[in-house]
Amino acid sequence: MTTQNKPDIDILKIREILCEKKKEVAVSLKTCAHCALCADSCFLYRCRDNAPLYMPSHKFINSIGTLYKKKGKVTRAELEEIREIVWKRCVLCTRCYCPLGIDIPSLIALARRICRSQDVVHDFEKEKKG
Amino acid sequence: MIKVKQKDLKIIVRDIHDYNYNQILIVGCGGCASVCLGGGQKEVDRLCAEINLVFKAEQRPGRATGYTIERQCHPLFIEELQQMIGQYDCALSMACGAGCQYMAELYPGMPIFPAVDTVSIGIDRDIGVYEERCRACGECVVGYTGGVCPVTRCAKGLFNGPCGGTNGTMCEVKGNIPCAWVEIYNRLKEQNRLDDIKKIRPVMEWQNQYQRTLIQDR
């Protein structure tokens, strides 16, 4: 997926989606104690040699967290980075567990929804081409 | 993964025409249907454009809108439709049969039509080339058939084959498909396990198939 010939990012649309779950995102970001207990519940984290990039907390903080902190004002390149996090490092199996009750899958799903709204989606065709 | 194939556009449009629905919501699935290039966001956008072209050509007031959720088989993701679904006359699901049925269950007042056919559980041979490997019969026997499924790969689903109609190494039902039991024989021979093929296995209990619910109790 290239950035060429793509329309500008619709920041208002991103904000509109963020607003729907604003409280949930804000509370989750505030609540995360960085305890890393969610890591062990992620099978991708475990099968990728416990790489911190695959920790569920890292994934939601660097996707929806980034979007929230920047109030949706992101570039296409930044959105494409987020796409890599929410698609390549998460399969949304919904098995991650947070002892503090953060609903990580719904936050990742929200980040994906924002990416989709800007036509920044994972290209499965490209993935298979390698 | 589950493989889906888009239905013929004429069939999809016929369903909508039959009931004179004008506002159509096309719902994609970000799971298996996306991976097999059958019902993800790209495919939703394409179908949307095609249906809108049909509407335009027929000078109908209708309009199709596309929306893709992460998975249609999970409550966490499908509830996203709650806010918007009431604005439409009907919905076209581009998920597998499970996703389509789940959406119909959650929104019983909304007519849901499948825009794809669920074809198989299969492997990715190449981009867009998928081969069926499993029919989810619920009683896997590939341990004694050398990893070749007789339910899926044998046209007759024989558990104690071959049938006697084997055409060389090919299936007598469809000539361009290898006989599953020849493959099973070769595989077992390679593994020095030909004794396995001589054992008579009980046939699959196909009668009275009922809906299965799985509870992982570990």
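Residues numbered from 1 in each chain as written. Chains lettered and ligands numbered in written order. Predicted model: local features only at pLDDT ≥ 70, side-chain atom pairs only at ≥ 80, totals over all residues.

Let us look at the overall build of chain B. Scanning chain B for helices and strands turns up 9 helices and 7 strands. The C-alpha atoms of chain B give 22 Å as radius of gyration, which overshoots the globular expectation for 218 residues (17 Å, by more than 25%). If one aligns the C-alpha atoms of chain B with their principal axes, the spans along those axes are about 65 × 45 × 30 Å. By sequence separation, contacts in chain B at least 24 residues apart represent 55% of the contacts at least 6 residues apart. (Helix = DSSP H or I, 4+ residues; strand = E, 2+ residues; numbered from the N terminus. Rg over C-alpha atoms; globule rule 2.2 N^0.38 Å. Contact = placed C-beta atoms within 7 Å.)

Residues and elements named next belong to chain B. As defined by bridge partners, strand β6 (residues 116–126) adjoins strand β7 (residues 129–134) across 5 bridges and the pair is classed as antiparallel. The partner of Gly 122 across the bridge, within β7, is Glu 132. Here β6 hands over to β7 after 2 residues, with Gly 128 in that stretch at a positive phi of 75°. (Pairing = 2+ DSSP bridges.)

Residue and element names in this part refer to chain B. Of the residues making up helix α8 (residues 180–190), those classed as buried are Ala 180, Trp 181, Ile 184 and Leu 188. The arc that holds every buried residue of α8, seen down its axis, measures 90°, which confines them to one face. Opposite its buried face, α8 presents the exposed residues Lys 189 and Glu 190, each directed more than 90 degrees away. Residues of α8 that are buried sit in contact with α7 (150–153) and α9 (195–198). (Buried ≥ 20, exposed ≤ 12 C-beta atoms within 10 Å, placed from the backbone. Arc of directions from axis to C-beta.)

The next subject is the packing of helix α1 (residues 11–20) of chain A against helix α7 (residues 104–117) of chain A. Residues and elements named next belong to chain A. Where α1 contacts α7, the two axes come as close as 10 Å, and the packing angle between them is 155°. Between α1 and α7, the interaxial angle falls into the category roughly antiparallel. The handedness of the crossing between α1 and α7 is right-handed. From α1, Lys 13, Ile 14 and Ile 17 reach across to α7, where they touch Arg 113, Ile 114 and Ser 117. When its residues are assigned to classes, the contact of α1 with α7 shows 3 nonpolar, 1 polar and 2 charged. (Axes fitted to C-alpha atoms, helices over the stretch in contact; angles between N-to-C directions. Parallel < 35°, antiparallel > 145°, perpendicular 65-115°, else oblique. Left-handed = near helix turned anticlockwise from the far one by under 90°. Nonpolar A, V, L, I, M, F, W, Y, C, P; charged D, E, K, R; others polar.)

This part covers the sheet that holds strand β3 (residues 63–69) of chain B. Residues and elements named next belong to chain B. Reading across the sheet, the 4 strands line up as β3-β2-β4-β5 and stay open at both edges, with parallel pairing between neighbours. Both edges of this open sheet fall to β3 and β5 (112–114), since each of them pairs with a single strand only. Between one strand and the next, the sheet's axes are offset by a mean angle of 25°, whatever the strand orientation. Both strand β4 (residues 90–93) and β5 contribute to a ladder of 3 bridges, which runs parallel. For Ala 91, the partnering residue across the bridge sits in β5 and is Ile 112. Lying over the sheet, helix α3 (residues 41–57) contacts β2 (23–29) and β3, oriented at roughly 175° with respect to β3.

Membership of the largest hydrophobic core comes to 72 residues, with the highest contact counts inside it found for Ala111(A), Ile26(B), Val27(B) and Met94(B). Among the elements that take part in this core, α7(A) stands out by supplying 8 residues, more than any other. Residues contacting Ile26(B), with those up to four places away along its chain left out, are Val44(B), Leu47(B), Cys48(B), Ala64(B), Thr65(B), Gly66(B), Leu92(B), Met94(B) and Ala115(B). (Core = buried A, V, L, I, M, F, W, Y, C linked by C-beta atoms within 7 Å.)

With that out of the way, let us pick up the sheet that holds β6(B). Residues and elements named next belong to chain B. Here we have 3 strands laid out as an open sheet, ordered β1-β6-β7, and antiparallel in their pairing. Only two strands of the sheet have a single neighbouring strand rather than two, namely β1 (2–6) and β7. Here the strands of the sheet are splayed against their neighbours by 70° on average, with no regard to which way each runs.

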